[in-house]
Every structure is written in structure tokens, then in C-alpha cells.
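# Structure at a glance
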Amino acid sequence: MTRQSHRLAHGSEHALNISRPTLRAMIALATLYTATSPLMAGQGYITAGFAGGPKALNSYQGIIYAPFGNLSETGLVLRTWNKAFRFSYKTDLGPTALNVPITALGLSLEGEAGWQFANDQGRIALYGGIVWRDHFLTPDDSRSSLSKSRIGFSATLDGEYKLSADYGVMANASFLQGFNQYWVQSRPYMKVGDGWKVGLDAASSGGKDYNNTRLGIFASDFEYSFWSKKRMFFGAEAGIQFSLKDNRFTPYAGLNMGYLF
């Protein structure tokens, strides 16, 4: 991702219709803006996507922002997420209710701040954040750690390593303290076409009561501009997902998109 240039457009002035105090205030504001705008020049990425199948679904919307540089450089990175998900697990609800299937619907709001280290070989970033998450369980499972909404803390590791100009691997992992939920993903890839990335997708997520693993393929970084100088990126994924705990296999598919600003 390259740094986007910012240009200041000037219109015609009607100086004779502006009083001197107002003119002085405008000059002061312009001077302040000129002095501080280089400090606020950054790069951001708005992203949204969904993936899943018959037994597990997840969707997300997020904003990733580097306030003092671009997203490919070393520096501070801020992220905020809105997530929704559905999954299922089996548990015992009582002496006579054994191995009962539970459907969980979840909502999550997350804010993270982290520091990224980047060079020609890749990048790695470590984030810490605050998470609010709630689950709705059907039927009710009051003994589950998912049964109450709560606020917790997140630790996330995200990075990419370039093996060569055409091959590399992307990976990320996170853990939510207070929820005891985790996510781990690895995506080895090769570049094809005009900057596309295609490769293998392996991910696992879970907690105390459940786990889901998926294996498949993905394509990302397909760039298309709907209008001049506006960069949009698209991706897709597909494969199988399964639960080792429940011995259940189902297909999954997903789409994602992003806008660089």
C-alpha cells in the first residue's frame, strides 16, 4: 500500500468583503492547519466480509488506520471492529439431557492499538485492545462461559513474511482474556496476475465449550477502481470446516472487500 497524496484546492477570494478580525482569524486557522496537517497525514483501510457454512458463520466490518504513516510502514496502527458470528456445540444440560446441541449467536465490539515493525521482508504487528462481547444461546446453557455479556481484553499478533518476490505467508493469532476464546490463521500464498495473492487457508477458533477448524483456498488483493483514484480490493475463500470435538464436517465460503483511503 502506498501513501496517498493530499492536495489542497484554493478557490477565489473576496477579501474586500471580509473584516480584518475575521481575516486575521482565518489566517491563524490556516497557519495552524498547515503546521499540524503533516502530523495527521495517515492512511486507512475500511474492510468488510463474511465467511461460513451450515454450522458456523462470521461477519466483520472494520477500520484499520495508521495515523502517522502508511499501512506498510513501521509505526502506530489503530483498529476497530464490529463482528457477528454463529456457531454450535454440544454439552450436558443435566442428568437426563446429555450431549445437547447448542446454537450460539454472538456480537462483538473491539478496539485495538498496536505497533507494527515493517521492512522489505515483511511486517509484524502486536496489538492490545478492549472487547465487549455477548452470546445468545439456544437452548439456554447457564453454565457456559458464553452465557453472559462481558468486557475483556484482547492480544493479537498479525504479520506477513515474504519468502521471495512471488511467495510468502500471512498469519495472525488472537486471544480474548475473560472469554478464553482464540483464533489462529495461516495463509501461505503465491502472487499471480496483477498483484493477486492465491494460496492455502488454514484457521482454527474456539473456546472452553467449542472449537472449529477450517482448511481451504483463498484469493485476495484483486484491485478494481470504480472511480478515479479510489482503490478497492476484493477477495474470496472456500473449503471445509469441521469440529474435532463433534466430528462434524461442512463446507464454507466467504467474500471480503476493502477500500483504501
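Computed from a predicted structure; not experimentally measured.

## Quick notes on the sheet that holds strand β6 (residues 150-162)
Judged by pairing direction, the barrel is antiparallel, and its 12 strands sit side by side in the order β1-β2-β3-β4-β5-β6-β7-β8-β9-β10-β11-β12 before closing back on the first. Averaged over all neighbouring strand pairs, the angle between strand axes comes to 20°, with direction disregarded. Taken together, the 17 bridges between strand β3 (residues 75-91) and strand β4 (residues 100-119) define a ladder with antiparallel strand orientation. When the bridges of β4 are listed, Ala-84 appears paired with Leu-107.

## Section: the pattern of salt bridges
Taken as a whole and judged by the stated rule, the model has 11 salt bridges. Measuring nitrogen to oxygen at the nearest pair gives 3.3 Å for the salt bridge that ties Lys-83 to Glu-110. Taken together, the positions of Lys-83 in strand β3 and Glu-110 in strand β4 put the pair 27 residues apart, joining distant regions of the chain. Put simply, Glu-110 and Arg-133 hold a salt bridge, and the shortest N to O gap is 2.8 Å. Pair noted here: Glu-110 is in strand β4 and Arg-133 is in strand β5 (residues 122-138), with a separation of 23 residues, a long-range link. Arg-133 gets classed as buried once you look at its relative accessible area, which sits at 8%. Here the salt bridges share partners, and the residues they tie into one network are Arg-187, Asp-201, Arg-214 and Glu-237.

## With respect to the pairing of strand β7 (residues 167-177)
Pairing analysis gives 10 bridges linking β6 to β7, with the strands arranged antiparallel. Residue pairing for β7: Lys-162 is matched across the bridge by Gly-168. Linking β6 back to β7 in an antiparallel pair, the connection comprises 4 residues. One ladder, built from 10 bridges, connects β7 with strand β8 (residues 181-192); its direction is antiparallel. Each residue of the ladder has a partner; that of Val-169, found in β8, is Pro-188. A loop of 3 residues connects β7 with β8, the two strands running antiparallel in sequence, and Gly-178 in this loop sits at a positive phi of about 95°.

## Quick word on the packing of aromatic side chains
This model, assessed by the stated rule, comprises 7 aromatic pairs. Ring centres of Phe-85 and Phe-87 lie 6.4 Å apart, and the angle between their planes is 25°; this geometry places the pair in the stacked category. For the pair Phe-85 and Phe-87, one class covers both residues: buried. The ring of Phe-218 has Arg-187 sitting right over it, with the charged end atom 4.3 Å from the ring centre.

## Quick notes on unusual backbone geometry
Residue Pro-139 follows Thr-138 across a cis peptide bond; omega there is -10°. Turning to its location among the elements, Pro-139 is positioned in the loop between β5 and β6. Phi at Asn-180 takes a positive value of approximately 55°, unusual for a residue other than glycine. With respect to the secondary-structure elements, Asn-180 resides in the loop between β7 and β8. A positive phi is found at Asp-221, a non-glycine position, where the angle reads about 65°. If you trace the backbone, Asp-221 turns up in strand β10 (residues 211-224).

So, how was this worked out
Residues numbered from 1 in each chain as written. Predicted model: local features only at pLDDT ≥ 70, side-chain atom pairs only at ≥ 80, totals over all residues. Heavy atoms only, no water. Pairing = 2+ DSSP bridges. Helix = DSSP H or I, 4+ residues; strand = E, 2+ residues; numbered from the N terminus. Axes fitted to C-alpha atoms, helices over the stretch in contact; angles between N-to-C directions. Salt bridge = Lys/Arg side-chain N within 4 Å of Asp/Glu carboxyl O. Buried < 20%, exposed > 50% of the residue type's maximum accessible area, 1.4 Å probe, protein only. Phe/Tyr/Trp six-rings, centres within 6.5 Å; stacked < 30°, edge-to-face > 60°. Lys NZ or Arg CZ within 6 Å of the ring centre and 35° of its normal.

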